[in-house]
Every structure is written in C-alpha cells, then in structure tokens.
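One letter stands for each residue in the lines below.
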Amino acid sequence: MLTRRDFLKLTGAGLLAASASGLMPVSAQEAESAPLIYHGSSRHRYVNLSYDDCYLVKKLQDLEKLLDQYPEFKITLFPVGLALLNNEGKDPGIWKRFYDKGHEIGYHSWDHTNFGVLSPEAALEDYAKWLEALTQVLGATPTVRFGRPTYGSLAYSFDVVCRENGLVNTMWSTGWGGVTADVVKYTVPKARNGDIILLHIRTDDVNTSLGAYPWMRENGWRAVTLSQLYDDLLTEQHESAGCDVYNGPSLTRTCIE
Ligand SMILES: [Zn+2]
C-alpha cells in the first residue's frame with residue numbers, strides 16, 4: 001500500500017518511471033493527488049516570478065513595460081477569471097501580449113473563491129468558466145499547465161481540478177510581498193536557485209519588481225516560466241536513476257526500493 005508521502009515522491013517523471021517498471025499499481029495512481037511543486041532544481045541560477053490575482057490593469061501595464069526592458073525574463077501570471085475579463089475590457093489584447101511574449105498564464109479560480117468550502121463539482125465548473133474566459137481573451141484555447149490554489153490552501157477540491165485537467169498544483173518557496181524598500185534590500189538578495197517566488201499585481205510588488213529586476217540581471221539571475229522550471233526538474237529526476245537529486249519538501253524521492 002502506497003502512502004501519500006510515497007506517492008508525492010513518485011510524482012512526475014518518477015511516477016512514469018515507477019509505473020513503467022511495474023512498481024506501482026495503476027489504481028494507486030488514479031486515486032492519488034495531482035503533482036505538487038514548491039520549488040525548482042537547485043542546480044540552476046534562476047527563479048520563477050509568479051504574480052497572482054492580477055486585478056489592477058494599471059499595475060499590469062507597468063509590469064509589461066518593465067518586462068519589455070528585460071526580454072530575457074519570463075514570468076507566470078495567475079489571474080482570477082474576473083480579472084481576465086475586466087482587464088481585457090480596459091486594455092484589449094493585454095493578455096495576448098503577455099502570452100505572445102512568452103509569459104505563462106495559470107489558473108487561480110474565477111473570483112478568488114475558497115476551495116476549502118467548494119465541492120469538487122463546483123470547483124470543476126469554476127475551472128471551466130475560468131478557461132473559457134482565458135480562451136476568449138487569447139482568441140484560442142491555450143495549454144494550461146499550472147494552478148495555484150487561493151490562500152495557498154491544499155484543498156481537496158482544488159486537487160481534483162488539477163488532477164482532472166492535468167495541472168500541477170503550484171505553491172511557492174518564498175514571497176516578495178511587503179514594503180518595497182525592505183523587500184528589495186533584505187529579501188531579494190536571499191534568492192536561492194530554483195525559488196518559486198510569490199508576488200501579486202499590486203503597487204508594492206510591482207515597485208519591488210522595478211528594484212529587483214536590475215539587481216537580478218546584474219547578479220546573473222534568470223527569470224523563467226514555471227514550465228521551464230518544472231520540466232528541468234522532471235528531466236533531472238528522470239536522469240537521476242531513481243535517486244534523490246536534492247533535498248526539498250516536494251517532488252523529491254529517495255531511491256526507489
Ligand atoms: Zn490570490
């Protein structure tokens with residue numbers, strides 16, 4: 001019998017490897033949680049900058065202008081569905097511009113609902129509504145690979161949405177929220193390889209980005225999408241022949257006995 005902890009060790013490439021070698025019954029795979037990620041590989045001098053909620057069109061536009069000066073930086077946005085439609089109304093094409101420039105968009109609920117009080121059925125409907133809005137603003141159905149639960153809550157219904165739609169349940173390893181001057185001075189320089197950094201589209205966090213991006217570039221840091229961070233991690237684990245490649249709270253595994 002596989003425990004939840006065993007399963008978490010076996011997510012992603014590990015799961016595929018275990019399944020292919022017959023170590024894991026198919027029924028156990030189906031019954032267990034979606035992949036869960038807190039941070040990427042410590043081998044790469046990069047971070048993922050992820051910006052949640054995205055209600056404020058002005059701040060989103062400010063971030064777009066900043067990113068235009070850093071074309072090598074790619075980010076991930078986690079907008080709620082209402083923000084997708086509202087900001088599209090205020091600045092038509094804004095989401096497609098981010099998308100076409102290589103940034104990524106992930107699921108973060110329709111209206112910042114708490115998944116802890118939502119049934120799995122209602123949560124699945126919430127995702128469908130959100131995806132419809134995203135499809136509408138992009139003009140085509142995109143591939144969505146990541147979902148971030150509201151309030152960072154690992155609710156069962158959110159896990160169901162991830163499982164049913166092939167999403168990676170995405171947490172974070174550090175946050176750059178708070179008073180800009182302090183964050184830029186004390187928190188940003190503590191970035192670690194593979195960090196998934198939580199930010200929001202709000203005044204403080206966009207100002208923090210204005211201070212952090214130049215520092216990152218000067219100090220040889222890259223900003224990559226979650227897709228790149230996650231795929232690098234899976235590749236690395238796959239190549240590790242079933243043994244740990246680093247110590248972290250998730251997506252790690254010891255040797256498969
Ligand atoms: Zn949020």
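Scroll up a little and you will see the structure.
Just so we're clear, the structure is a prediction, and the values are computed from it rather than from any experiment.

Q: Requested: an account of the environment of L198, with residues and values cited.
A: Within the element layout of this structure, L198 appears in strand β8 (residues 196-200). Linking L198 and M171, residues 27 residues apart in sequence, is a C-alpha distance of 8.4 Å. The contact partners of L198, leaving out residues within four places of it in the chain, are S50, D52, W172, G175 and G177.

Q: Quick rundown of the environment of G175? Include the residues and the values.
A: Residue placement: G175 occurs in strand β7 (residues 174-175). Put simply, G175 and D195 are 20 residues apart on the chain and 9.4 Å apart in space, counted from C-alpha to C-alpha. Among all residues touching G175, those that are not within four sequence positions of it are I197 and L198.

Q: So, the sheet that holds strand β5 (residues 146-147): which residues are in play, and what are the values?
A: An order of β1-β6-β5 is seen for the three strands of this open sheet, with the pairing classed as parallel. Looking along the sheet, the strands with just one partner apiece sit at the ends: β1 (36-37) and β5. Note: β1 against strand β6 (residues 168-170), two bridges, orientation parallel. Across the sheet, the residue bridging to L36 is N169, located in β6. Across the sheet, helix α8 (residues 156-165) is in contact with β5 and β6; its angle to β6 comes to roughly 140°.

Q: Tell me about the packing of helix α5 (residues 81-90) against helix α7 (residues 120-138), residues and numbers included.
A: Each pair of packed helices can be described by the angle between their axes along with the distance between the axes. Close contact between α5 and α7 brings their axes to 8 Å; oriented N to C, the two are set at 25°. When the axis of α5 is compared with that of α7, the two are roughly parallel. Two packed elements cross with a definite hand, and for α5 against α7 that hand is left-handed. Across from G81, L84, L85 and E88 in α5, the residues of α7 making contact are K129, W130, A133, L134 and V137.

Q: Now, about the environment of S227: what can you tell me, with residues and values included?
A: Looking at where S227 falls in the secondary structure, it is placed in helix α11 (residues 226-239). Not counting residues up to four positions away in its chain, the partners in contact with S227 are E104 and R145.

Q: How would you sum up the nonpolar core? Please name residues and give values.
A: Counting 54 residues, the largest nonpolar core has Y51 and A223 as its most contacted members. If you tally residues by element for this core, the top one is α7, at six residues. When neighbours within four sequence positions are excluded, A223 is seen to be in contact with Y46, V47, L49, F73, K74, I75 and M216.

Q: How would you summarise the pairing of strand β3 (residues 76-79) if you had to cite specific residues and measurements?
A: Side chains T76 and F78 project from β3 onto one buried face, and the interleaved L77 and P79 project onto a second face that is buried too. As paired strands, strand β2 (residues 46-53) and β3 are joined by four bridges and run parallel to one another. Bridged to D52 within β3 is F78. For the segment spanning β2, helix α4 (residues 57-68) and β3, crossover handedness is right-handed. Here β3 runs beside strand β4 (residues 104-105); their pairing, made up of two bridges, is parallel. Directly across from L77, in β4, lies its bridge partner I105.

Rules used in this analysis
- Residues numbered from 1 in each chain as written.
- Predicted model: local features only at pLDDT ≥ 70, side-chain atom pairs only at ≥ 80, totals over all residues.
- Helix = DSSP H or I, 4+ residues; strand = E, 2+ residues; numbered from the N terminus.
- Contact = placed C-beta atoms within 7 Å.
- Pairing = 2+ DSSP bridges.
- Axes fitted to C-alpha atoms, helices over the stretch in contact; angles between N-to-C directions.
- Parallel < 35°, antiparallel > 145°, perpendicular 65-115°, else oblique.
- Left-handed = near helix turned anticlockwise from the far one by under 90°.
- Core = buried A, V, L, I, M, F, W, Y, C linked by C-beta atoms within 7 Å.
- Buried ≥ 20, exposed ≤ 12 C-beta atoms within 10 Å, placed from the backbone.
- Right-handed = clockwise from strand over helix to strand, strands pointing away.

Scope: geometric values only; no functional claims are made or implied.
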